[in-house]
Amino acid sequence: MASTAADTTLIKCVVWDIDNTLLDGVYLESGERPPPANPALLGVVRELAGRGILQAVASKNPPAAAEYVEQLAGLDFAAAECGWDAKPDALGRIAAGLGVADVEMAFVDDDMLERAEVAAALPGVLVLTPEDAAEAASWPQFSPPVVTAEARRRGQLYAERSRRQTAASDFTGSRAEFLRHVGTRVTISAAAAADLPRLYELSLRTHQLNSSGEPVTEEELGSLLSSAGHEVTTVRLADDFGDDGLVGAAVLGLTEADETPGATVPAARTAPLAMTVPLVMMSCRALGRGTLDALLAWLCRSAAAAGADFLQVPCRLTDRNVPFRLALAGAGFRAEAGRRAPDGRVLFSRPLTDALTGALAGDLPAVPDYVVTPGQR
Amino acid sequence: MTATADQVAGALRDLLAEVTGRDELRTIPAATPLFGGGVGLDSLAGTLLLRQVQRRYGVDVAAADLNLDSLETLATLAAFIAARI
């Protein structure tokens, strides 16, 4: 069961049992002093967390058990499901809360019945014994090709997110008011060569807010960065709860519907000019935080300032990027029936100028006041 | 709106209040735009709303409506769902 070596889908989240797994004993049956940690497995938890793989617990214990293990491990779990629910239900809530798919999860439990229950209910999950897990750090599924600063802090970022969500549910007022209330800061700036590893990581990891529907290679991203015909833009996100770092990026094609690196901007034109955004990708941590809406608004206004009359975003429709389509629809983008990009993606577009007067379109989305754009730096 | 669409619109008001945490949405007029100045639906709240719609009515709005034009107002979404149940 253990080493399904043929399947090397990267694991994004490991869900650990506590009793007789992360702890050498049973939390509630050890009298006044909780049992000590299993040092080998806690080492694996720290090692994998350092690689940006989220660590979570699902345990039939009170929440204090998870807090106790967090103290032993010296890190925050991205999610902790403590209670007496069936393990598949706990894993389902963790997957939904963190935005990871079943095939991106591993589950470690000493109890054969719990393992069997998860394997039957969630066949995509990689189910491991504690003995398997002790070796897991050397497996390809647990060895992401790039590990960035953002990745190493991922567990902490999810813990901050959980505190933010609690504040949001206590807040009465609109989402926009909440974003201002918690000091949201979105910084849009030109990408630098040093951002390349993080951009590549975003292309591998983002699904819900991704227009391309598939990873872009590091070489392709590098050539977009150095291309005179493209502007690669990064988005950083922070608020009073914490700094999420580089959460998203977009590529603006400076020539009409052209994705060829090195192409130049046409000098004069008579027909309406369309600019294209061949790639938008954003971490799902930014969902609900006004960040993608801000980026789309800024792209529209930048393209308009550069003289474009239309902005088009080719989008591959997947069963996971409905959130991206919602943001497109919210920013006024529509697909024209039958219009496709050369690679088969559906072309969503919106007018930037009024066809008669040439003035900025009246319904152009506004860039919120918590956004810092390149000109303001 | 038809009687069914009226009922769906009523249920959608409650769903909108739940996914956004804003109780005042329980009383919005049917013509309220869902995006922008009206409800201000963002991609997170929109995704949660569509998930609840699918669970309750078995209508997969994202699969059936490429442009999500049905999300223009509360009334258009209610009519879209009512026509498919």
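Residues numbered from 1 in each chain as written. Chains lettered and ligands numbered in written order. Predicted model: local features only at pLDDT ≥ 70, side-chain atom pairs only at ≥ 80, totals over all residues.

Another aspect to go through is the overall build of chain A. Scanning chain A from terminus to terminus reveals 13 helices and 14 strands. Against the globule reference of 21 Å for 377 residues, chain A gives a C-alpha radius of gyration of 23 Å, in line with a compact fold. Reported as C-alpha extents along the three principal axes, the dimensions of chain A are approximately 80 × 50 × 35 Å. Within chain A, the proportion of its 377 residues that are buried is 45%. The long-range share in chain A, meaning contacts at least 24 apart out of those at least 6 apart in sequence, stands at 68%. (Helix = DSSP H or I, 4+ residues; strand = E, 2+ residues; numbered from the N terminus. Rg over C-alpha atoms; globule rule 2.2 N^0.38 Å. Buried ≥ 20, exposed ≤ 12 C-beta atoms within 10 Å, placed from the backbone. Contact = placed C-beta atoms within 7 Å.)

This brings us to the environment of Gly155(A). All names here are of chain A. Within the fold, Gly 155 resides in helix α8 (residues 154–170). Separated by 195 residues in sequence, Gly 155 and Arg 350 place their C-alpha atoms 38 Å apart. Setting aside chain neighbours within four positions, we find Gly 155 in contact with Ala 49, Leu 54, Gln 55, Leu 75, Asp 76, Phe 77 and Ala 78.

Attention now goes to helix α12 (residues 291–305) of chain A. Because each turn of an α-helix spans 3.6 residues, side chains separated by three or four positions end up pointing in the same direction. Residues and elements named next belong to chain A. With 15 residues, α12 extends 21 Å between its outermost C-alpha atoms, agreeing within 8% with the 21 Å of an ideal straight helix rising 1.5 Å per residue. Counting buried positions along α12 gives 13 out of 15 residues, so the element sits mostly inside the fold. Looking one or two residues past α12, Gly 307 carries a phi angle of roughly 100°, positive in sign. (Expected span 1.5 Å × (residues − 1).)

On to the nonpolar core. Residues and elements named next belong to chain A. Counting 81 residues, the largest nonpolar core has Ala 250, Leu 295, Leu 299, Cys 300, Ala 303 and Leu 328 as its most contacted members. Considering every element that reaches this core, the biggest residue donor is α12, with 10 residues. Once residues within four sequence positions are removed from consideration, Cys 300 is found in contact with Leu 311, Ala 331, Leu 352, Leu 364 and Pro 365. Membership of the second largest hydrophobic core comes to 47 residues, among which are Val 69, Ala 80, Met 105 and Leu 126. (Core = buried A, V, L, I, M, F, W, Y, C linked by C-beta atoms within 7 Å.)

Glancing now at the domain arrangement of chain A. As far as domains go, chain A holds domain 1 (13–142) and domain 2 (175–376). For domain 1 of chain A and domain 2 of chain A, the distance between their C-alpha centroids amounts to 37 Å. (Domains from an automatic or database assignment.)

Further remarks concern the packing of helix α10 (residues 196–205) of chain A against helix α11 (residues 218–226) of chain A. How two helices sit against one another is set out by the angle between their axes and by the gap between those axes. Residue and element names in this part refer to chain A. Relative to each other, α10 and α11 sit at 125°, their axes nearing to 10 Å. The orientation of α10 with respect to α11, classified from their angle, is oblique. Seen from above, α10 lies across α11 with right-handed handedness. Judged by residue contacts, Leu 196, Leu 199, Tyr 200 and Ser 203 of α10 engage Glu 218, Leu 221, Gly 222 and Leu 225 from α11. (Axes fitted to C-alpha atoms, helices over the stretch in contact; angles between N-to-C directions. Parallel < 35°, antiparallel > 145°, perpendicular 65-115°, else oblique. Left-handed = near helix turned anticlockwise from the far one by under 90°.)

Turning our attention to the sheet that holds strand β5 (residues 126–128) of chain A. Residues and elements named next belong to chain A. Taken together, the five strands give an open sheet; going across it, the order is β3-β2-β1-β4-β5, and neighbouring strands pair in parallel fashion. Edge positions in the sheet fall to β3 (79–82) and β5, since each of these pairs with one other strand and no more. Across the sheet, the mean angle from the axis of one strand to that of its neighbour is 20°, orientation sign disregarded. Across four bridges, strand β1 (residues 13–16) lies against strand β2 (residues 54–59) in parallel orientation. In the strand pairing of β2, Val 15 is matched with Ala 56. (Pairing = 2+ DSSP bridges.)

Residues and elements named next belong to chain A. Between helix α4 (residues 87–98) and helix α5 (residues 112–121), whose axes approach to 8 Å, the crossing angle comes to 55°. As summarised for this structure, α4 and α5 are arranged oblique, according to the angle between their axes. Considering how the two elements wind past one another, α4 and α5 form a crossing that is right-handed. Packed against α4, whose contacting residues are Lys 87, Pro 88 and Leu 91, the element α5 presents Glu 114, Glu 117, Val 118 and Ala 121 at the interface. For the contact of α4 with α5, a count of residues per class yields four nonpolar, no polar and three charged. (Nonpolar A, V, L, I, M, F, W, Y, C, P; charged D, E, K, R; others polar.)

A few words now on the interface of chain A and chain B. Note: interface size is frequently given as the accessible area lost on complex formation between the parts. Opposite the 20 residues of chain A that make contact, chain B presents 17 residues. Those elements that provide at least two residues to the side of chain A that touches chain B are α8, α9 (175–181), α12, α13 (322–330) and β12 (334–340) of chain A. Split by residue class, the side of chain A that touches chain B holds 11 nonpolar, five polar and four charged.

All names here are of chain B. Tracing the chain through its elements places Val 53 in helix α2 (residues 43–57). Here Val 53 falls in the buried class, since 21 other C-beta atoms lie within 10 Å of it. A sequence separation of 16 residues divides Val 53 from Asp 69, and the C-alpha atoms of the two residues are 16 Å apart. Aside from chain neighbours lying at most four places away, what touches Val 53 is Val 59, Val 61 and Ile 81.

Detailed reading of predicted coordinates is not advised where the pLDDT is low. Residue and element names in this part refer to chain A. Averaged over all residues, the pLDDT of chain A is 88; the fraction at 70 or higher stands at 93%. Every residue in residues 1–6 scores below 50 in pLDDT, and together they form five contacts with partners more than four places removed in sequence or on other chains. Across residues 257–264, where pLDDT falls below 50, the model places 19 contacts with residues more than four positions away in sequence or in other chains. (pLDDT = per-residue confidence, 0-100.)

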